[in-house]
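Letter by letter, the chains look like this.
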Amino acid sequence: MDRILNGNAMLKNVDTVPYVAFPIFEAYPEIVCGFSTRLCGVSRGEFASMNLGFLRGDKEERVLENYRRLTESMGIRPEQLIFTDQVHGTKLRLAGRADCGKGIFHERDYKGVDGHTTNEPGAALLVFGADCVPLFFYDPKKGAIATAHAGWRGTVGRIAGGMVSFMQEKFGSHAEDLRVVIGPSIGPECYEVGEEVAKEFEQSFGKRVWESNIILVKKENVKEKYFVNLWEANRVALLEAGVGDNHIVVSGLCTMCRQDLFFSHRASGNKRGSMAGFIMRRN
């Protein structure tokens, strides 16, 4: 059974192992794309229960079982997964079936990679998140898919637009053909930052930080508080890279507000599990 979360996101397989899917991609049966929840795994304590992070202190056998359950629900095999090596940067990498299993069953032979793209069926790209923005790309004309991890540093560094250019370089993709989802992540009402981070956004986006409400300023007593809208910042970066407005979907799911569904780094004080997003072209 599926459950609608909002106009841009749904919870699939609610009765078994749920994951978040996006109607814009559901229209393309040749791909599978989804984002995990914290539900229906086997991890315990602060990792309860669908923890997908091997490096957080959880037992490896529990994390592997979580992957087995979730990928089975999505129609992916664990050995097809290709992990990033996220460092909050903007480095992108071309991946393929030869990379399958790296990060889960095999050592990664790459470092500092926050985004992958491929046009090979059966290569399942993974991106981690627990407040940072997971980005999912699909080019239905070239058959290319991609993921990117956009924390505030990656967002300021325009990793979203960088991936558009990277897909153009590797596959001849046209920006106007791309479909992009801005996945579950911390929302604009929850992501408070200091003045230094706010200035980084102003330097990267210029006047658009105010025109597009990328930075929201709230006054409490005398001190101003800055809130960053990562969703809008990445949407603007995609628009400026040439992606059509009607081809960009914001999931609208805040990981900090929806702790019933998601882990949140900020809400938990780092005592949490990890979530991940997946996209794959079917064989």
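Refer to the structure above for everything that follows.
Residues numbered from 1 in each chain as written. Predicted model: local features only at pLDDT ≥ 70, side-chain atom pairs only at ≥ 80, totals over all residues. Heavy atoms only, no water.

Chemist: How do you make sense of the pattern of salt bridges when you look at a structure like this?
Modeler: Note that side chains of opposite charge can pair when their charged atoms are close. Per the stated rule, a full pass over the model turns up 20 salt bridges. In this structure, the salt-bridge partner of lysine 12 is glutamate 26, at a minimum N-O distance of 3.3 Å. In this pair, lysine 12 is assigned in strand β2 (residues 9–12) and glutamate 26 in helix α1 (residues 23–26), connecting sequence segments 14 residues apart. Residue lysine 12 is classed as buried on the basis of its relative accessible area, which comes to 14%. Lysine 218 is the salt-bridge partner of glutamate 189, the closest N and O atoms lying 2.7 Å from each other. Of this pair, glutamate 189 sits in the loop between β11 (179–182) and β12 (192–193) while lysine 218 sits in strand β13 (residues 215–220), and the two are 29 residues apart along the sequence. Because the salt bridges share partners, they merge into one network encompassing Glu65, Arg68, Arg69 and Glu72. (Salt bridge = Lys/Arg side-chain N within 4 Å of Asp/Glu carboxyl O. Helix = DSSP H or I, 4+ residues; strand = E, 2+ residues; numbered from the N terminus. Buried < 20%, exposed > 50% of the residue type's maximum accessible area, 1.4 Å probe, protein only.)

Chemist: Before we go on, may I ask you to explain the environment of asparagine 66 in this structure?
Modeler: By the element assignment, asparagine 66 lies in helix α2 (residues 60–74). Since its relative accessible area comes to 0%, asparagine 66 is described here as buried. Setting aside its immediate chain neighbours within four residues, asparagine 66 contacts Gly41, Val42, Ser43, Ser49, Met50, Asn51 and Leu52. Here asparagine 51 takes part through its backbone oxygen, which lies 2.9 Å from a polar atom of the side chain of asparagine 66. (Contact = heavy atoms within 4.5 Å. Polar contact = N/O pair within 3.5 Å; in protein donor to acceptor, adjacent residues only side chain to side chain.)

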